[in-house]
Amino acid sequence: MSKRSFVVVVLSVVSACSADDKFGPNVYLDTATLSPSTGPLFGHTELTVELPDDVDGNAVVDVFLGSEMALRGRSLSTDTHQLTFINQGSPATGPADLTLVLADGTERTFPGVYTFEPAADPVFQRMVAFGASLTQGVQGGVPSARGLRMSPGAQLAHQTGGFLPLPLLVPDLFPAIEAHHIGPAPDCEVPGVAGFVGEAAIEVMGTLTGDDGVDFSLGRQDPDLPAWHVAVGGSKVVDLVDGPEASNFAAQFLARLVYAPRVALGDDLPDSQLDLVDAADPSLVLCTDIAGNDVILPLTEPGPIDLSTLTPAEVVAEETAWVVERLSHTGAEVFLATLPRPSLLPLAHDKRRRLVADGADPDEVDAVFADVDALAAQNNAVLVTEAGRYDNVHIVDLAAVTEAVDTDGVVVGDETLGPGKLGGLISTDGVHFSDTGYAMTANAFIDTINTTLGTTVAPIDLAEVAAHDPYHPDALRAAGLDPDTCQ
């Protein structure tokens, strides 16, 4: 059954239901109650269905709400007449039908029992996110369902009620860097991100291996969900245009999990991220890290920083110009973030300490980091210039936001968090944001969107996010790691 055609089919069945309908027998019952009965286009709302006597909740194998399959992200109730699930949202507002697919192949449909509410503003109706790991929501060195839900785009969609379908991975697919992986104080050494992710990928390959080889659909909660949040960790700016290079195994691997789970590892990817942005016909597009990996990746590798592995500035400039031009043609409002200063990262501080400890001259190390920072600043300047050519492309100055936070921290509730090592805004990998850091990033987008478009979206409550953030200093202490003892 095609998700895209599902609503149309259901409506036609309502007016003329026949025994030879290709979807099998449909029995329309009006005694089911869905609670709550309304919610945002974004979805990801826990819903409970009180079922009529002749429907056994334990026999339900699939749940559809409107045009998208519902996410049964939490276990079904043991009560045979009650079903709990989490929906994935809808691109269309208004009444939606609930359809339950039973183990015997029959369906039970409850017309119009749920209503999808409009987004806070029409600009949020159809949202798309693309880019690399900071857009994807990577934490602890790896992508995860939890991290994607806390990504800047997902938090913005949650705050505005806009539709942004999330390609959620199955729970615990990748083992993340956790508190117990961090070395003893005072260095509190973090495992090498590149090596850790490489080992994780090997483990995941085994998990995804089926009868016919590696099956990436096994890594997705819903492999048929349309790809609108298409950011792939490890992507460089050229990858956004052409797709990941064949030699970039990690990006090839992750791209299939994110937006091409039916494509075998040996086959060519049919689309790039920009192709998918175009196909979504978005009203709003966002990216946090267009050229992040063009300057950051050398910092994640062991040993001295090899400046020759940085993408040349002229290549970044050419590809950035093309990316921005293509985005302008979508007709969407496009918001692109500048890259924070690379040497600000805890990963960079740790790398400097290790290089000096291994005998490198401190001044020479600082000079190398200065070159990396200068290239990032140059790339940001190109992005700002290219965005200025188009009325619908706007800059979110995340670089300025992080500089201010580095100086003053950010007040969250009754405490001040910072971007330093285990300071509450960066996850355990020393590169990617914590839940609170991603919320701070989303607020930077909200502030720019409000200022640019005249919308009135409320900022995300950082204290509320921090209260459940596994990378908050208090959460790390509870896990046996005291950030105050680390340098």
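That block above? That's the structure.
Bear in mind the structure is a predicted one, so any value in this text is a computation, not a measurement.

## Notes on the packing of aromatic side chains
Moving on, step 1. Using the criterion set out here, one finds six aromatic pairs in the structure.
Moving on, step 2. Ring centres of Phe163 and Trp228 lie 5.0 Å apart, and the angle between their planes is 75°; this geometry places the pair in the edge-to-face category. Placement of Phe163 in the loop between helix 4 (152–160) and helix 5 (193–207) and of Trp228 in the loop between strand 12 (213–214) and helix 6 (237–242) is noted, with a sequence separation of 65 residues between them.
Moving on, step 3. On the basis of an interplanar angle of 75° and a centroid distance of 5.2 Å, the ring pair of Phe216 and Phe253 is categorised as edge-to-face. With Phe216 in the loop between strand 12 and helix 6 and Phe253 in helix 7 (residues 249–259), the pair connects residues that are 37 residues apart, well separated along the chain.
Moving on, step 4. On the basis of relative accessibility, which here comes to 0%, the residue Phe216 falls in the buried class.
Moving on, step 5. Judged by relative accessible area, Phe253 falls into the buried class, the value being 2%.
Moving on, step 6. One aromatic cluster in this structure is built from Phe174, Phe216, Phe249 and Phe253.

## Brief notes about the state of the cysteines
Moving on, step 1. A full pass over the atoms with the stated rule returns one disulfide.
Moving on, step 2. Disulfide pairing places Cys188 opposite Cys486 at an S-S distance of 1.9 Å. With the S-S dihedral at roughly -80°, the linkage between Cys188 and Cys486 falls on the left-handed side. Taken together, the residues Cys188 in the loop between helix 4 and helix 5 and Cys486 in the segment after helix 16 (473–478) connect sequence positions 298 residues apart. Of the two residues examined, Cys188 and Cys486, each falls in the buried class.

## Comments concerning the packing of helix 9 (residues 293–300) against helix 11 (residues 346–357)
Moving on, step 1. Direction vectors running N to C along helix 9 and helix 11 enclose 45°, while the axes themselves pass 9 Å from each other. Judged by the angle between their axes, helix 9 and helix 11 are oblique. Crossing of helix 9 against helix 11: the hand is left-handed. Taken together, the residues of helix 11 that come into contact with helix 9 (itself represented by Pro298, Leu299 and Thr300) are Leu347, Ala348 and Lys351.
Moving on, step 2. The residue makeup of the contact of helix 9 with helix 11, split by class, is four nonpolar, one polar and one charged.

## Focus: the sheet that holds strand 7 (residues 82–86)
Moving on, step 1. Across the sheet, which stays open at both edges, the three strands sit in the order 2-4-7 with antiparallel pairing between neighbours. Taken across any chain shown, the strands that pair with only one partner, and hence form the sheet edges, are strand 2 (33–35) and strand 7. Averaged over all neighbouring strand pairs, the angle between strand axes comes to 20°, with direction disregarded.
Moving on, step 2. The pairing of strand 4 (residues 46–50) with strand 7 spans five bridges and is classified as antiparallel. Following the sheet pairing, Glu50 is matched in strand 7 by Gln82.

## Structural notes on the layout of surface pockets
Moving on, step 1. When its volume is computed, the largest pocket comes out at roughly 670 Å³.
Moving on, step 2. Of all elements in the fold, only helix 2 (133–136), helix 5, helix 7, helix 9 and helix 13 (398–408) reach the threshold of two or more residues within the lining of the largest pocket.
Moving on, step 3. Among the elements that take part in the lining of the largest pocket, helix 9 stands out by supplying four residues, more than any other.
Moving on, step 4. A per-class count over the lining of the largest pocket returns 22 nonpolar, 10 polar and three charged.
Moving on, step 5. Considering only enclosed or pocket space, the second largest pocket measures out at about 510 Å³ in volume.
Moving on, step 6. Residue assignment for the lining of the second largest pocket shows that the elements contributing at least two residues are helix 3 (145–149), helix 4 and helix 15 (462–466).
Moving on, step 7. For the lining of the second largest pocket, the element with the highest residue contribution is helix 4, accounting for four residues.

## Structural notes on unusual backbone geometry
Moving on, step 1. Residue Pro36 follows Ser35 across a cis peptide bond; omega there is -5°.
Moving on, step 2. If you trace the backbone, Pro36 turns up in the loop between strand 2 and strand 3 (38–40).
Moving on, step 3. In this chain, Ala185 is followed by Pro186 through a cis amide linkage whose omega measures 5°.
Moving on, step 4. Mapped onto the secondary structure, Pro186 falls in the loop between helix 4 and helix 5.
Moving on, step 5. Despite not being glycine, Asp281 has its phi angle at roughly 50°, a positive value.

## Observations concerning the sheet that holds strand 15 (residues 393–396)
Moving on, step 1. Ordered by their spatial adjacency, four strands build an open sheet running 10-13-14-15, and the pairing between neighbours is parallel. Single-partner strands in this sheet number two, and they are strand 10 (127–129) and strand 15. Averaged over neighbouring strand pairs, the angle between their axes works out to 20° when direction is ignored.
Moving on, step 2. Pairing analysis gives four bridges linking strand 13 (residues 284–287) to strand 14 (residues 333–337), with the strands arranged parallel. Its bridge partner lying in strand 14, Leu286 is registered against Phe335.
Moving on, step 3. Across the sheet, helix 14 (residues 435–453) is in contact with strand 13, strand 14 and strand 15; its angle to strand 14 comes to roughly 140°.

## Comments concerning the side chain of Glu68
Moving on, step 1. Secondary-structure assignment places Glu68 in strand 6 (residues 68–69).
Moving on, step 2. Within the structure, Glu68 has its side chain in polar contact with the side chain of Ser67 (distance 3.3 Å).

## Section: helix 5
Moving on, step 1. With 15 residues, helix 5 should reach 21 Å at 1.5 Å per residue; the first-to-last C-alpha distance of 21 Å fits that figure.
Moving on, step 2. Of all the positions in helix 5, only Val193, Phe196, Ala200, Ala201 and Val204 are classed as buried. In a view along the axis of helix 5, the buried residues occupy a sector of 140°, so they form one face of it. In helix 5, those exposed residues whose orientation departs by more than 90 degrees from the buried face are Glu199, Ile202 and Gly206.
Moving on, step 3. On the buried face of helix 5, the contacting elements are helix 7 and helix 11.

## Let's talk about the pattern of salt bridges
Pairs can form between side chains of opposite charge once their charged atoms are near each other.
Moving on, step 1. Across all of its chains, the model carries 16 salt bridges by this definition.
Moving on, step 2. Between Asp350 and Lys421 there is a salt bridge; the shortest N-O distance is 2.9 Å. With Asp350 in helix 11 and Lys421 in the loop between strand 17 (415–417) and helix 14, the pair connects residues that are 71 residues apart, well separated along the chain. The two residues Asp350 and Lys421 agree in class, both being buried.
Moving on, step 3. Overlapping salt bridges, with partners in common, bring together Asp187, Glu189, Asp350, Arg353, Arg354 and Lys421 in one network.

Rules of the game
Residues numbered from 1 in each chain as written. Predicted model: local features only at pLDDT ≥ 70, side-chain atom pairs only at ≥ 80, totals over all residues. Heavy atoms only, no water. Phe/Tyr/Trp six-rings, centres within 6.5 Å; stacked < 30°, edge-to-face > 60°. Helix = DSSP H or I, 4+ residues; strand = E, 2+ residues; numbered from the N terminus. Buried < 20%, exposed > 50% of the residue type's maximum accessible area, 1.4 Å probe, protein only. Disulfide = S-S within 2.5 Å. Axes fitted to C-alpha atoms, helices over the stretch in contact; angles between N-to-C directions. Parallel < 35°, antiparallel > 145°, perpendicular 65-115°, else oblique. Left-handed = near helix turned anticlockwise from the far one by under 90°. Contact = heavy atoms within 4.5 Å. Nonpolar A, V, L, I, M, F, W, Y, C, P; charged D, E, K, R; others polar. Pairing = 2+ DSSP bridges. 1 Å grid on protein atoms, 1.4 Å probe; cavity = no way out; pocket = protein on both sides within 12 Å on 5 of 7 lines; lining within 4 Å. Points joined across faces, edges and corners; volume = space filled by probe spheres on them. Polar contact = N/O pair within 3.5 Å; in protein donor to acceptor, adjacent residues only side chain to side chain. Expected span 1.5 Å × (residues − 1). Arc of directions from axis to C-beta. Salt bridge = Lys/Arg side-chain N within 4 Å of Asp/Glu carboxyl O.

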